[in-house]
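Residues per chain are reported as follows:
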Amino acid sequence: MSQKMSRKLVSDLKLLTKSLSTHCTSIQQSRSASSLAFKNAYINGQWVTAEDGRTFPVRNPANGDLISEVPDMQAKETQTAVNHAADAFKRWKNYTAIERSILLKKWHDIMAKNQEDLAQILTAENGKPLAEARGEIGYGISFVEWFAEEGKRIYGDVIPSAFKSKRLLHLKQPVGVCGIITPWNFPNAMILRKVGAALAAGCTVVVKPAEDTPLSALATCYFAEQVGIPAGVLNVVTCSHQHASEVGRVLCQSPKVSKISFTGSTATGKVLMKQSIDTMKRVSMELGGNAAFIVFNSADVDAAVAGAVASKYRGTGQTCISANRILVQEEVYDEFCEKLAKVVSQFVVGDGQEDGTTQGPLINEKAVDKVDSHVKDAVAKGGKVLIGGERHVKGPTFYSPTVIRDITEDMLVCSEETFGPLAPVIKFKTEEEAVLLANSTRFGLAGYFYSQDIRQIWRVAEDLEVGMVGINEGVISSTSIAFGGIKESGLGREGSKYGIDEYLNIKYACFGGM
Ligand code: ADP
């Protein structure tokens, strides 16, 4: 480790220790606050290393500084975690819903109290501006509170019987051990949206967080331990990119795991589904998108620009529901392009930990290369850059927020998810053409449109082939809504009153001889 890195690590540890010892004084501590430096994975209530002692580095994407090193686990440790989760399931499923709810509420409350520390950890490993990180923590923990409530309302049915001698019931029961694999773009919320529902339903979990952002996952374990969530109920297995497929394979193929819940790319989702076939697992898949953002002639253009900015540039464009293609009708096209470029020109690009930053780095240099390849392809085929269009001087993980007009269907940006700060603007003439273009993809996660025409609003809302649609709105996520996609964007729904069903089996019980 270089001297600069080790100085930075020491100062990070001191900062975390100081702020956490302030926040944690009122709670029973089983470990010292400095354990929040997270050098260990969390299995069966123990903070453990990899069996061979191997670790991998976690770096700050803004500057490449080393934040921590965590265990690089493999199949063996994953199997151990699954075994413990299976043991814990025998006990956790027999807790009453209210007992589980009380623990989940306490878990929510302690994370709410420590929101700032969780946000700092998140920004350090993911790069998003602190204000966004704080928002993500608020959003993530809200699922724990939501499902703490929903767990108390898992009703079965008493079914009117067709036979005098029989009584018929539906019971709802937890599916069992769940393997949960999550991405780096929402290191806290993508875990809690799944784990909150799973634990409330009575399931136990083995989480494999993304290799870029394991610290946020471990932080949630720290607080789960503090409030007494029993050993084995929540396990986090950390591993490097090199071992992700091995760890994933154990989760998918183990007969002790009853369900896989994944958020990430469609390509990886398909691999996990194939691997889950032999044990006939339940699966939930929240996969990639290619969202169209449509602005019709009747739209309030200023509102549409604000919506496009919020949808496109949040998380530096690295969210699965980000607008990927912006379609604007011909009468308002020039005005929209000009206004969008003006707003984007005011962005402040920098380290997410610095005050005033609105756009952080991308997660790594590969992500920057992808944005750059989309920009170069668009320009070569006639796209006109209005702002940005190049790598940013801040460093190798930064890309200048970009707007390109005169985009055509043959450009890469129309068929691939850019996952970066590039807004490509396409001109269209008719509603029919816009809907056709919007649906001309195998993805179907989110879609957005701006219009003031009520009949058009109904038509387009019904015609877009997506799981979620924003109408005169660019920010659509919320705890209470069913989040998820259709087509190759996935299966199942998270959040809302439906999210808990993903973790429950329905058992039919027939009472004879009545
Ligand atoms: P991204 O391209 O956004 O990183 P991925 O789908 O590759 O999306 O990654 C999302 C999560 O899936 C991460 O936790 C990653 O480690 C994990 N992952 C990637 N490939 C595999 C695999 N073959 N098996 C299991 N997990 C995987």
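Quick summary incoming for the structure in this document. (Residues numbered from 1 in each chain as written. Predicted model: local features only at pLDDT ≥ 70, side-chain atom pairs only at ≥ 80, totals over all residues. Heavy atoms only, no water.)

**Points about a negative patch on the surface**
Among the surface-exposed residues, Glu330, Glu331, Glu409, Asp410, Glu432 and Glu433 lie close enough to one another that they form a single negatively charged patch. Contributions of two or more residues to the negative patch are made by α11 (330-344) and α14 (431-438). Residue position: Glu331 is located in helix α11. Residue classification places Glu331 among the exposed positions, given a relative accessible area of 65%. (Patch = residues over 30% accessible without salt bridge, like charges linked within 9 Å, V, L, I, M, F, W, Y side chains within 5 Å. Areas by Shrake-Rupley, 256 points an atom, 1.4 Å probe, with all protein chains shown as cover. Salt bridge = Lys/Arg side-chain N within 4 Å of Asp/Glu carboxyl O. Lys, Arg positive; Asp, Glu negative; His and termini not counted. Charge placed at Lys NZ, Arg CZ, Asp CG, Glu CD. Helix = DSSP H or I, 4+ residues; strand = E, 2+ residues; numbered from the N terminus. Buried < 20%, exposed > 50% of the residue type's maximum accessible area, 1.4 Å probe, protein only.)

**Re empty space enclosed by the protein**
As enumerated under the stated definition, the model contains five cavities of 30 Å³ or more in all. If you add up the space inside the largest cavity, you get close to 80 Å³. What lines the largest cavity is a set of 16 residues, among which Asn290, Arg325, Ala438, Ala446 and Val466 lie closest to the centre. At the level of secondary structure, the elements contributing two or more residues to the lining of the largest cavity comprise β12 (291-295), β17 (443-444) and β18 (446-450). Grouping the constituent residues of the lining of the largest cavity by class yields eight nonpolar, six polar and two charged. What the second largest cavity holds in volume is close to 60 Å³. In terms of residue class, the lining of the second largest cavity is built from two nonpolar, seven polar and one charged. The residue makeup of the lining of the second largest cavity includes at least three contributed by each of domain 1 (15-287 + 489-509) and domain 2 (291-478). (1 Å grid on protein atoms, 1.4 Å probe; cavity = no way out; pocket = protein on both sides within 12 Å on 5 of 7 lines; lining within 4 Å. Points joined across faces, edges and corners; volume = space filled by probe spheres on them. Nonpolar A, V, L, I, M, F, W, Y, C, P; charged D, E, K, R; others polar. Domains from an automatic or database assignment.)

**Regarding the packing of helix α10 (residues 301-313) against α11**
Orientation of α10 relative to α11, taken along the N-to-C sense of each, is 50 degrees, at an axis distance of 10 Å. Comparing their axes, α11 and α10 come out oblique. α11 is crossed by α10, and the crossing has right-handed handedness. When α10 is examined against α11, the residues Val301, Asp302, Ala304, Val305, Ala308, Val309 and Tyr313 are found in contact with a partner set consisting of Val332, Glu335, Phe336, Lys339, Leu340, Val343 and Val344. Taken together, the residues of the contact of α10 with α11 break down into eleven nonpolar, no polar and three charged. (Axes fitted to C-alpha atoms, helices over the stretch in contact; angles between N-to-C directions. Parallel < 35°, antiparallel > 145°, perpendicular 65-115°, else oblique. Left-handed = near helix turned anticlockwise from the far one by under 90°. Contact = heavy atoms within 4.5 Å.)

**What about the nonpolar core?**
Among the nonpolar cores identified, the biggest contains 93 residues, and Trp107, Phe336 and Leu340 are the most heavily contacted of them. A domain-level breakdown of this core finds at least three residues from each of domain 1 (15-287 + 489-509) and domain 2 (291-478). Sequence-distant contacts of Trp107, that is, excluding residues within four places in its chain, are made with Val144, Leu192, Val195, Leu199, Thr220, Phe223, Ala224, Val227, Ile229 and Leu234. Counting 30 residues, the second-largest nonpolar core is a separate cluster that includes Ala292, Leu422, Phe428 and Ala438. (Core = buried A, V, L, I, M, F, W, Y, C linked by side-chain atoms within 4.5 Å.)

**As for the site of the ligand**
Close to the ligand lie 15 residues; Thr182, Lys208, Glu211, Ser265 and Thr268 are nearest. A distance of 3.2 Å separates an oxygen atom of the ligand from a polar atom in the side chain of Trp184. Taking Thr268, its side chain carries an N or O atom lying 3.0 Å from an oxygen atom of the ligand. Starting from 550 Å² of accessible surface for the ligand in isolation, the protein chains cover 79%. Within the residue set of the shell around the ligand, elements represented by two or more residues are α8 (244-253) and α9 (266-276). In terms of residue count, α8 provides more of the shell around the ligand than any other element does, three residues in total. (Near = heavy atom within 4 Å. Polar contact = N/O pair within 3.5 Å; in protein donor to acceptor, adjacent residues only side chain to side chain.)

**So, the pairing of strand β4 (residues 66-71)**
Buried residues dominate β4, accounting for five of its six residues. Where strand β3 (residues 55-59) lies against β4, five bridges are found, and the strand directions are antiparallel. Residue pairing across strands places Val58 opposite Ser68, the latter belonging to β4. Counting the residues between successive antiparallel strands, the hairpin from β3 to β4 contains six residues, one of them, Gly64, with a positive phi of roughly 80 degrees. (Pairing = 2+ DSSP bridges.)

**A look at the environment of Thr123**
In this fold, Thr123 is placed in helix α4 (residues 115-126). For the pair Thr123 and Pro187, spaced 64 residues apart in the sequence, the C-alpha separation amounts to 9.7 Å.

**Re the state of the cysteines**
What the rule picks out here adds up to zero disulfides. Residue Cys239 stays outside any disulfide, its sulfur separated by 13 Å from that of Cys252, the closest cysteine. On the basis of relative accessible area, Cys239 is assigned to the buried category, the value being 1%. Free of any disulfide, Cys252 has its nearest cysteine sulfur in Cys178, 13 Å distant. (Disulfide = S-S within 2.5 Å.)

**A word on the sheet that holds strand β19 (residues 468-471)**
Each strand in a sheet pairs with its neighbour through backbone hydrogen bonds, running either in the same direction (parallel) or in the opposite one (antiparallel). Pairing is mixed across the open sheet formed by seven strands, whose spatial order is β14-β15-β16-β13-β12-β18-β19. The sheet is open, and its two edges are formed by β14 (384-387) and β19, each paired on a single side. Sheet twist, expressed as the average angle between the axes of neighbouring strands with direction ignored, equals 20 degrees. Judged from the three bridges that link them, β14 and strand β15 (residues 402-407) form a sheet pairing that is antiparallel. Following the sheet pairing, Lys384 is matched in β15 by Arg405. Across the sheet, α11 lies against β12, β13 (323-329), β14, β15 and β16 (422-428), angled at about 135 degrees from β13, the strand it touches most. Packed onto the sheet, helix α12 (residues 365-380) meets β14, β15 and β16 and runs at close to 35 degrees relative to β15.

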